Amino acid sequence: MTDKYTQLVSHGAGKTLARKLGLPQPVELRRYQPGAPLITGPILVSGDSAGSDDIATTLLGWGLDVRRNALPKEKLGAIILVLDAVQRPEDLGKPVLKAAASLRDLAPNARVVTMSRTSQSAPSPASAAARQGIDGLLRSLAKELRAGATANGILLDDDLATTSPSALGALRFFLSGRSAYVDGQFLTVSSTSGELPADSDKPLAGKVAVVTGAARGIGAAIARTLHRDGAKVVLVDIPAAGDHLAAVANEVMGTALQLDISRDDAGHRIIDHAVERHGRLDIVVHNAGITRDKLLANMDEGRWESVIAVNIAAQLRINEALLASEHFRTSPRIVSVASTSGIAGNRGQTNYGASKGGVIGMVRSTAGLLEPYGGTINAVAPGFIETEMTAKMPLAIREAARRLNSLKQGGQPQDVAEAIAFLASDAAGGITGGVLRVCGQQLVGA
Ligand code: NAI
């Protein structure tokens, strides 16, 4: 599914004209389909550490076509640049420039993935500089890649092997079509928790998941994706959206719960419904959200309070009930939908930005509370996503917002849903308290 402009410049005369005029040339992104190969084409594993050898061996075990040195003129599906052992900024040049020699050979929709260590845990200023340098390198490289190719990074805490379960889980996510609209981003792995699924097409088999705001838009896509991945889904939305909610619930063979999440008893209603109807509760996705945009100078109390109430206060209250419940103690997962407006800010959205920035703070602080149960909580921050909400934007603003990212197109609701499904899976058990942007590397703001 692509927008009309992308269709126009992808073929024939439109493609030639766009190239001649130097217009943006988005390509159709490689998105995940069950049963499709993880990635097509050879993978170059670059780097000379023991950690890079381990990655190459693991990928061979997955049946992938692995190279330690690129062959001339061979189209590559991916480059994995393993930099886990760099000590000083001077250590970066050799491995990075060696991998750079293969960048022109990347196939369309290829992947570049770095694996390195978190700078917070660096043992010296030089080590911190080298590690943080990879951040700037990766984000710059992502802006240079073309034809749907992306660059993302995996950050490991100091004592973790490159082959720890969630490092491999994150690597599979970044290589696959599940990460189509994730670009220039990092996932941090902070523990050895996590487990790769027995069936990579059904990573949520046996799980019961709740999705709020599931009657339409991104929430409906999340419900469909969690169902596709094997979960039983409880779909929550306000009573006024009851017909749509029932239709999506039927489609995904889940159950509908008509509920305003800002009610005081929302957490208990959600737990009771999941346990009574499905016997357990493993995953909660806080997706329901509203906008009431106004410049702050014109903001009224109603607009401010309603956005805070739905977008963050309700999530905090529901989480309190979840944390107190004995039914949410077996590797539970919470994934919360934030927004790039809560990170970079957006004109007319001070209330929304406060609520979505709040989501990111809430996630960071709640991670430690879930740890005793092997649980995780993360946020996903979408950029411009093609939904009913963004379809209502004035044409010129919409078209600008759509193109101002490294992939030159808006994301699909499915792209947000894929990131959520990954963070909800056992494979992401070592990833917690963070935020993953699904924004095609939005160029405006932070
Ligand atoms: P949408 O407006 O299409 O859907 C939101 C759903 O939440 C609706 O079905 C609505 O009835 C439900 N909802 C609202 N208040 C509720 C309440 N009190 N209790 C229960 N359900 C309630 O929105 P969309 O575009 O699908 O967005 C979903 C999430 O993604 C929201 O949190 C939004 O802030 C966020 N987001 C969306 C972006 C986009 O480009 N569409 C960009 C960044 C973030």
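Remember, it's a predicted structure, so these values are computed and weren't measured experimentally.

### Focus on the overall build of the protein chain
- Looking only at helices and strands, the protein chain features 14 helices and 13 strands.
- Seen through its C-alpha atoms, the protein chain measures out along the principal axes to roughly 60 × 50 × 45 Å.
- Within the span of the protein chain, comprising 446 residues, buried residues form 54% of the whole.
- Taking as baseline every contact in the protein chain between residues at least 6 positions apart, the subset at least 24 positions apart corresponds to 74%.
- Side chains of the protein chain carry 47 positive and 43 negative charges; the gap between the two charge centres is 7 Å.

### What to know about the site of the ligand
- The immediate surroundings of the ligand are formed by 26 residues, with Arg216, Ile218, Asp237, Asn287 and Tyr352 found nearest.
- One nitrogen or oxygen atom from the side chain of Tyr352 is found 2.5 Å from an oxygen atom belonging to the ligand.
- Gly383 places a polar main-chain atom, nitrogen or oxygen, 3.4 Å from an oxygen atom of the ligand.
- Burial of the ligand by the protein amounts to 93% of the accessible area it has alone, namely 830 Å².
- Of all the secondary structure elements, the ones that give two or more residues to the shell around the ligand are α7 (217-228), α11 (350-370) and α12 (388-391).

### Topic: the packing of α7 against helix α14 (residues 413-423)
- The N-to-C vectors of α7 and α14 enclose an angle of 50°; their axes lie 8 Å apart at closest approach. Overall, the two elements α7 and α14 adopt an arrangement that is oblique. The hand of the α7/α14 crossing is right-handed. Judged by residue contacts, Gly217, Ile218, Ala221, Ile222, Thr225, Leu226 and Arg228 of α7 engage Pro413, Gln414, Val416, Ala417, Glu418, Ile420 and Ala421 from α14.
- Each residue belonging to the contact of α7 with α14 can be placed in one class, and the counts come to 9 nonpolar, 3 polar and 2 charged.

### Here we look at the nonpolar core
- Ranked by internal contacts, the top residues of the largest apolar core, which has 69 residues, are Ile80 and Leu226.
- Split by domain, the residues of this core number at least three in each of domain 2 (31-189) and domain 3 (208-438).
- Residue contacts for Leu226: discarding those within four places in its chain leaves Leu204, Ala209, Val211, Ala231, Val233, Val285 and Ala421.
- Grouped together as the second largest cluster of nonpolar side chains are 35 residues, Val310, Ala321, Val359 and Ile360 included.

### Remarks on the sheet that holds strand β10 (residues 283-286)
- Pairing is parallel in the open sheet, where 7 strands are placed in the order β9-β8-β7-β10-β11-β12-β13. Strands at the two margins of the open sheet, each flanked by one partner only, are β9 (255-258) and β13 (435-438). Direction aside, neighbouring strands of the sheet carry axes that sit 20° apart on average.
- In terms of strand pairing, strand β7 (residues 208-212) meets strand β8 (residues 232-237) through 5 bridges, oriented parallel. Residue pairing in the sheet places Val210 in a bridge with Val234 of β8.
- With respect to the sheet, helix α9 (residues 266-278) is in contact with β7, β8 and β9, its orientation differing from that of β9 by roughly 155°.
- Helix-sheet contacts for α14 involve β10, β11 (333-337), β12 (376-382) and β13, and the interaxial angle to β12 is about 170°.

### Regarding the pairing of strand β1 (residues 43-46)
- Residues Ile43 and Val45 point to one face of β1 and Leu44 and Ser46 to the other, with burial holding for every one of them.
- Bridge count between β1 and strand β2 (residues 66-67): 2 bridges; the pairing is parallel. Residue pairing in the sheet places Ile43 in a bridge with Val66 of β2.
- Crossover β1 to β2 through helix α3 (residues 50-61) is right-handed.
- Here 4 bridges tie β1 to strand β3 (residues 76-82), and the two strands are oriented parallel to one another. Each residue of the ladder has a partner; that of Val45, found in β3, is Ile80.

### Quick notes on unusual backbone geometry
- For Met253, which is not glycine, the phi torsion reads 55° and is therefore positive.
- Along the chain, Met253 falls in the loop between α8 (242-251) and β9.
- Looking at Met253, the relative accessible area reads 55%, which means it is exposed.
- Positive phi is not limited to glycine here, since Gln441 has a value of about 60°.
- Along the chain, the position of Gln441 falls in the segment after β13.
- Looking at Gln441, the relative accessible area reads 5%, which means it is buried.

The rules behind these values
- Residues numbered from 1 in each chain as written.
- Predicted model: local features only at pLDDT ≥ 70, side-chain atom pairs only at ≥ 80, totals over all residues.
- Heavy atoms only, no water.
- Helix = DSSP H or I, 4+ residues; strand = E, 2+ residues; numbered from the N terminus.
- Buried < 20%, exposed > 50% of the residue type's maximum accessible area, 1.4 Å probe, protein only.
- Contact = heavy atoms within 4.5 Å.
- Lys, Arg positive; Asp, Glu negative; His and termini not counted.
- Charge placed at Lys NZ, Arg CZ, Asp CG, Glu CD.
- Near = heavy atom within 4 Å.
- Polar contact = N/O pair within 3.5 Å; in protein donor to acceptor, adjacent residues only side chain to side chain.
- Areas by Shrake-Rupley, 256 points an atom, 1.4 Å probe, with all protein chains shown as cover.
- Axes fitted to C-alpha atoms, helices over the stretch in contact; angles between N-to-C directions.
- Parallel < 35°, antiparallel > 145°, perpendicular 65-115°, else oblique.
- Left-handed = near helix turned anticlockwise from the far one by under 90°.
- Nonpolar A, V, L, I, M, F, W, Y, C, P; charged D, E, K, R; others polar.
- Core = buried A, V, L, I, M, F, W, Y, C linked by side-chain atoms within 4.5 Å.
- Domains from an automatic or database assignment.
- Pairing = 2+ DSSP bridges.
- Right-handed = clockwise from strand over helix to strand, strands pointing away.

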